[in-house]
Amino acid sequence: MPMNSRRLLYYVISPLIALLFALPLIWLVSSSLQQPGLAPQPKITLLPDPVVWSNYTHVFEVYPIGQQLLNSIFVVLLTVPLTLITASWAGFAMTQLAAPMRKRLVLLTVILLIVPLPALWLPRFVMFTYIGLIDTLWTLIIPAFMGSSPFFVLLFYWTFRRLPNELYEAARLDNASTLQIWRLVAMPLAKPTIAVVAVLTFVLYWSDFINPLIYLRSENLYTFSLRLYMFTSMDTTNQPLAMAATVIVIAPVVLLFLLVQRYFWPTGRLDGLSGR
């Protein structure tokens, strides 16, 4: 197939595939703008008639969620930078070890990655109960001190391993410490990975439902997603308000992804995959 025909086919098919994946989001926004009290519409419409924008303000009137919104913001403001620091530290430290130890730690990280999350709920609950952190927001924040997920550590490890050793050696010849090499050499060259891990960490903690449900008891400590779920589950007949609440929850995630999506697959990402 000629190159021009391939490019034309690409530009025709790509929007269609994007539209296919965007249909659930379009249906969600459209449903959130319907008039309350009406039955759910069987078809997807871009704009209902009439368009009820007041559903988004009415959500906060029906569901008092201001404190819970602040709780979620507080959690993500702490967990995102903490995860970036600790996960990148762990990934960078693994690259600086001798090959035998490095391979063992990578294998251990992969093993930890395949451990199912439900297996951690009981041990964490017992530990948090023993140290007196149950019913505090710290139960949601503490995992960030350990990188939040082994996957994030592996992402940083793979990124730092692809950097030439000459960069590290040159920094050491300039009497740079390990922390300075991480801060001044490794991290500036890992901006795509930083963006990806930041977005994934934000989604992980912002949309977290299970952990707040397990560890929190006081309603004033509930997170945004947990509180909205409890309110909407009590009133299953008012679909437009429930859809509006869902849009409010996912809007920051979509906006953040749109802001940093260019880092997810930048030009040259495939270069050197067959190397280190």
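Whatever comes next refers back to the structure up there.
Everything numeric in this text was worked out from a predicted model, so none of it was measured.

Caption draft 1: Highlighting the packing of helix α3 (residues 66-95) against helix α9 (residues 178-186). Where α3 meets α9, the axes come as close as 11 Å, and the angle between the chain directions of the two elements is 110 degrees. The orientation of α3 relative to α9 falls into the category roughly perpendicular. Where α3 abuts α9, its residues Ile85, Ser88, Trp89 and Phe92 lie against Thr178, Leu179, Ile181, Trp182 and Ala186. Looking at the contact of α3 with α9 residue by residue, the classes come out as seven nonpolar, two polar and no charged.

Caption draft 2: Molecular detail of the environment of leucine 155. Mapped onto the secondary structure, leucine 155 falls in helix α7 (residues 150-161). Each C-alpha atom, one on leucine 155 and one on alanine 190, is 10.0 Å from the other, the two residues being 35 residues apart in sequence. Apart from the residues within four sequence positions on either side, leucine 155 is in contact with Thr193, Val196 and Val197.

Caption draft 3: Looking closely at a nonpolar patch on the surface. A cluster of nonpolar residues, Leu8, Leu9, Val12, Ile13, Leu16, Ile17, Leu19, Leu20, Phe21 and Leu23, forms a patch on the protein surface that exposes about 960 Å² of accessible area. Along the chain, leucine 9 turns up in helix α1 (residues 3-32).

Caption draft 4: Up close: unusual backbone geometry. Positive phi values are uncommon outside glycine, yet aspartate 135 reaches one of about 70 degrees. Looking at the element boundaries, aspartate 135 is found in the loop between α5 (118-130) and α6 (138-141). Phi is positive for asparagine 175, close to 65 degrees, though the residue is something other than glycine.

Caption draft 5: Inspection of the pattern of salt bridges at higher detail. This model, assessed by the stated rule, comprises two salt bridges. Across the salt bridge formed by glutamate 169 and arginine 172, the nearest N and O atoms sit 3.4 Å from each other. Separated by three residues within a single helix, glutamate 169 and arginine 172 lie in helix α8 (residues 165-173), roughly one turn from each other. You can call glutamate 169 partly exposed: its relative accessible area is 44%. When its relative accessible area of 35% is taken as the criterion, arginine 172 is described as partly exposed. For arginine 227, the salt bridge identified is with glutamate 219, shortest N-O distance 2.9 Å.

Cut-offs used in this document
- Residues numbered from 1 in each chain as written.
- Predicted model: local features only at pLDDT ≥ 70, side-chain atom pairs only at ≥ 80, totals over all residues.
- Heavy atoms only, no water.
- Axes fitted to C-alpha atoms, helices over the stretch in contact; angles between N-to-C directions.
- Helix = DSSP H or I, 4+ residues; strand = E, 2+ residues; numbered from the N terminus.
- Parallel < 35°, antiparallel > 145°, perpendicular 65-115°, else oblique.
- Contact = heavy atoms within 4.5 Å.
- Nonpolar A, V, L, I, M, F, W, Y, C, P; charged D, E, K, R; others polar.
- Patch = residues over 30% accessible without salt bridge, like charges linked within 9 Å, V, L, I, M, F, W, Y side chains within 5 Å.
- Areas by Shrake-Rupley, 256 points an atom, 1.4 Å probe, with all protein chains shown as cover.
- Salt bridge = Lys/Arg side-chain N within 4 Å of Asp/Glu carboxyl O.
- Buried < 20%, exposed > 50% of the residue type's maximum accessible area, 1.4 Å probe, protein only.

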